[in-house]
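One letter stands for each residue in the lines below.
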Amino acid sequence: MESPEKNDAVAFESAEKIILRWDSTVSEEAREKMIFNGDRHEIDRYLQAVDEIQRSMESTTLSVSDDHDKANTAIQIAMARLEDEFRNILIAHTNAIEAESLTDPSLSEEDCRDTPRAGDDDSFSKELEKQESSTSSSYRSTNSIREVDLMPSEAIYDLRCIAERMISAGYLRECIQVYGSVRKSAVDSSFRKLGIEKLSIGDIQRLDWETLEAKIRRWIRAAKVCVRILFASEKKLCEQIFEGLGTATDDACFMETIKGPAIQLFNFAEAISISRRSPEKLFKILDLHDALSDLLTDIEIVFESKSSESIRVQAVEILSRLGEAARGILSEFENAVLREPSKVPVPGGTIHPLTRYVMNYISLISDYKQTMVELIVSKPSTGSRYSSDPNTPDMDFSELEGQTPLALHLIWIIVILQFNLDGKSKHYKDTSLAHLFMMNNVHYIVEKIKGSPELREMIGDDYLRKLTGKFRQAAVNYQRATWVRVLHCLRDEGLHVSGSFSSGVSKSALRERFKAFNALFEEVHRTQSVWLIPDTQLKEELQISISEKLIPAYRSFLGRFRSHIESGRHPENYIKYSVEDLENAVLDFFEGYAVSQHLRRRSQ
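Residues numbered from 1 in each chain as written. Predicted model: local features only at pLDDT ≥ 70, side-chain atom pairs only at ≥ 80, totals over all residues. Heavy atoms only, no water.

(A) The arrangement of the pattern of salt bridges in detail. The tally for this structure, following the rule as stated, stands at 34 salt bridges. A salt bridge links Glu42 to Arg21; its shortest N-O distance comes to 3.0 Å. Of this pair, Glu42 sits in helix 3 (residues 40-58) while Arg21 is found in helix 1 (residues 4-21), placing the two residues 21 residues apart along the sequence. Given the relative accessible area of 14%, Glu42 is considered buried. (Salt bridge = Lys/Arg side-chain N within 4 Å of Asp/Glu carboxyl O. Helix = DSSP H or I, 4+ residues; strand = E, 2+ residues; numbered from the N terminus. Buried < 20%, exposed > 50% of the residue type's maximum accessible area, 1.4 Å probe, protein only.)

(B) Summary view of empty space enclosed by the protein. Applying the stated rule across the entire model yields one cavity of 30 Å³ or more. Counted as a void, the largest cavity has a volume near 140 Å³. Every residue lining the largest cavity is listed: Leu194, Gly195, Ile196, Glu197, Leu199, Ile204, Lys215, Arg218, Trp219, Ala222, Gln264 and Phe268. When residues of the lining of the largest cavity are traced back to their parent elements, those giving at least two are helix 9 (209-242) and helix 10 (249-273). The greatest single-element share of the lining of the largest cavity, amounting to four residues, is contributed by helix 9. (1 Å grid on protein atoms, 1.4 Å probe; cavity = no way out; pocket = protein on both sides within 12 Å on 5 of 7 lines; lining within 4 Å. Points joined across faces, edges and corners; volume = space filled by probe spheres on them.)

(C) Seen up close, unusual backbone geometry. Positive phi, close to 65°, is recorded for Phe590, a residue that is not glycine. In this fold, Phe590 is placed in the loop between helix 21 (579-586) and helix 22 (597-603). Overall, Phe590 belongs to the buried group, its relative accessible area being 0%.

(D) Just the packing of aromatic side chains, in detail. Following the criterion strictly, the structure yields 21 aromatic pairs and no others. An aromatic cluster is present here, built from Tyr478, Trp483, Phe517, Phe521, Tyr554, Phe589 and Phe590 joined pairwise through their rings. Note that Arg511 overlies the ring of Tyr574, its terminal NZ or CZ placed 5.9 Å from the centroid. (Phe/Tyr/Trp six-rings, centres within 6.5 Å; stacked < 30°, edge-to-face > 60°. Lys NZ or Arg CZ within 6 Å of the ring centre and 35° of its normal.)

(E) Region of the structure containing the packing of helix 13 (residues 353-367) against helix 16 (residues 431-450). Contact geometry for helix 13 and helix 16: axes closest at 10 Å, N-to-C directions at 20°. When the interaxial angle is binned, helix 13 and helix 16 end up roughly parallel. Judged by the sense of rotation from one axis to the other, the crossing of helix 13 with helix 16 is right-handed. Where helix 13 abuts helix 16, its residues Thr355, Arg356, Met359, Asn360 and Ser363 lie against Asn441, Tyr444, Ile445, Lys448 and Ile449. (Axes fitted to C-alpha atoms, helices over the stretch in contact; angles between N-to-C directions. Parallel < 35°, antiparallel > 145°, perpendicular 65-115°, else oblique. Left-handed = near helix turned anticlockwise from the far one by under 90°. Contact = heavy atoms within 4.5 Å.)

(F) How the structure looks around the environment of Met79. By secondary structure assignment, the location of Met79 is in helix 4 (residues 65-92). Distance in space between the C-alpha atoms of Met79 and Gly170 is 9.6 Å, their sequence separation being 91 residues. Ignoring anything within four residues of it in the chain, the contact list for Met79 reads Val50, Arg165, Met166, Ala169 and Tyr171.

(G) How the structure looks around the nonpolar core. Core analysis: the largest hydrophobic core is formed by 180 residues, its most contacted members being Phe86, Phe231 and Ile365. Considering every element that reaches this core, the biggest residue donor is helix 9, with 18 residues. Residues within four places of Ile365 in sequence aside, it is in contact with Leu282, Phe283, Leu330, Met372, Leu406 and Leu410. (Core = buried A, V, L, I, M, F, W, Y, C linked by side-chain atoms within 4.5 Å.)

(H) Just the side chain of His352, in detail. When you line up the elements, His352 lands in the loop between helix 12 (309-339) and helix 13. Within the structure, His352 has its side chain in polar contact with the backbone nitrogen of Leu354 (distance 3.0 Å). The residues contacting His352, other than those within four sequence positions of it, are Glu340, Ser342, Val346, Leu421, Lys424, Phe437 and Asn441. (Polar contact = N/O pair within 3.5 Å; in protein donor to acceptor, adjacent residues only side chain to side chain.)

(I) Local environment of helix 3. Taking 1.5 Å as the rise per residue, helix 3 with 19 residues should run 27 Å; its terminal C-alpha atoms sit 27 Å apart, in good agreement. Within the sequence span of helix 3, burial applies to Glu42, Ile43, Tyr46, Leu47, Ala49, Val50, Glu52, Ile53, Gln54 and Ser56. Looking at where helix 3 begins, the residue whose side-chain oxygen comes 3.2 Å from the main-chain nitrogen of His41 is Asp39. (Expected span 1.5 Å × (residues − 1).)

(J) Structural context of the packing of helix 20 (residues 536-566) against helix 21. Two elements in contact, helix 20 and helix 21, have axes whose closest approach is 10 Å; the angle formed by their N-to-C orientations is 165°. As summarised for this structure, helix 20 and helix 21 are arranged roughly antiparallel, according to the angle between their axes. Crossing of helix 20 against helix 21: the hand is right-handed. Listed contacts from helix 21 to Gln543, Ile546, Ser547, Leu550, Ile551, Tyr554, Arg555 and Leu558 of helix 20 are Val579, Leu582, Glu583 and Val586. Per-class residue counts for the contact of helix 20 with helix 21 are eight nonpolar, two polar and two charged. (Nonpolar A, V, L, I, M, F, W, Y, C, P; charged D, E, K, R; others polar.)

Structure below.
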């Protein structure tokens, strides 16, 4: 019976022979062929040979130093060969991921509304627009994470067999490096498909805003795909190959693969979060904040290990800075509205561009209600009490108890907008036009709030009623400033002689009164027909209100005193207009252009 030592020697020699046969440094056949491209029997023979060499090295039977040297040489040759085989399997099965696999079904229609235009060079972008609602059996769903099987199970089995032997032989670092270099190139390829560019923070901050907006939209879609599909799938592959083969080996390979790409991905959002603040950036920053906030749970799952803590921390810090940026932009916007310096009156007292801009802006803010409520956690600092600064409006927030911080901010913006508009109204030389200007602008504010259910809910009906009262008061002020003088001409006082209403009428006083009325009405008609009330309903309401005061008064005055004028000479010089003429003339008011057909015929 042969001794165990002799059996071990025979097994070692047989294993060594197999190892040397596949030494690519000395064998042309070994250089041209790959073991793992052959049949399973040959693969298993080679792996068993490696196992035998390793077992021999750990055994006490190799007592001769030459045997130790031969074993060391064999294991080095085997590891070099396995490293090549490992790389070859990875490369062979690292194919471009299908566009459908890089499409996140959790993306909503809102996420995809700004997809690239047809005709873009990047055809993958077009594929990204197609949202798949179902998942195949190759996906494992974890929350919103959707892991794709990146390699067939046969390849994963072979890679794990090789990795197990390389790691046990002390070639962990080499294994990780090979794995990381190949898989990182696959991730880079997916990044290119997703349109993620290698831009430094400085490069990003130098882009013009229009270009940056488009990149933000693409980044939001790409980030969801990267975290939920691409990175998650890479992590799954590492676990399939390396889990249990060494202390956190799978995590080390994962970080070797995706740390650089992950930093590249999040650097974009970081650059936006620390860029120069301006009002037009608010909504894209909120989009980024929403997207990153939505991804945070998935980021914590994918990057749960200690070694990937820096990625988690970076994401949380970026989210915080995006919130700070949004708060800062809103504060700067409030100050900009308060200090907006234009002093040239808008023609015709119509709606000021600032009013349109501000109300459109806060309407958009209300669309981001949930995000903004989370970002704004305190009342507005400016105007939260009565101010001694004449350049700042007073605002008592105690009157608005129960309102959210965001609602208080929006109300405060409306308050400072009105304050600014009130200052602009003083640049009109005509007091009536100043009141009309305020009526138009506050009415626009009211209608804008009514037209947005979200904004109306936040502002509240109580404050909306206050605003409605303000534009109606402005309309009353306009009528007083304009029509009191006109209607004053139609009073009876000063027309009778002998101190008694039953006595005679002074025809000269009556003629002067008609002349004064005609002149005043013509002047008002001439100027106010070029004034503008853009809202048709508001214009008609004011025209009706004017008619209700003017027409009855004129009809009564004309009825009482027409005979006194018509009995004298040239009555047409004094009674120039019929009641119908005035009714028609009132319809010319606030049309925004000179219309005087109704009066021109009578004055010619």
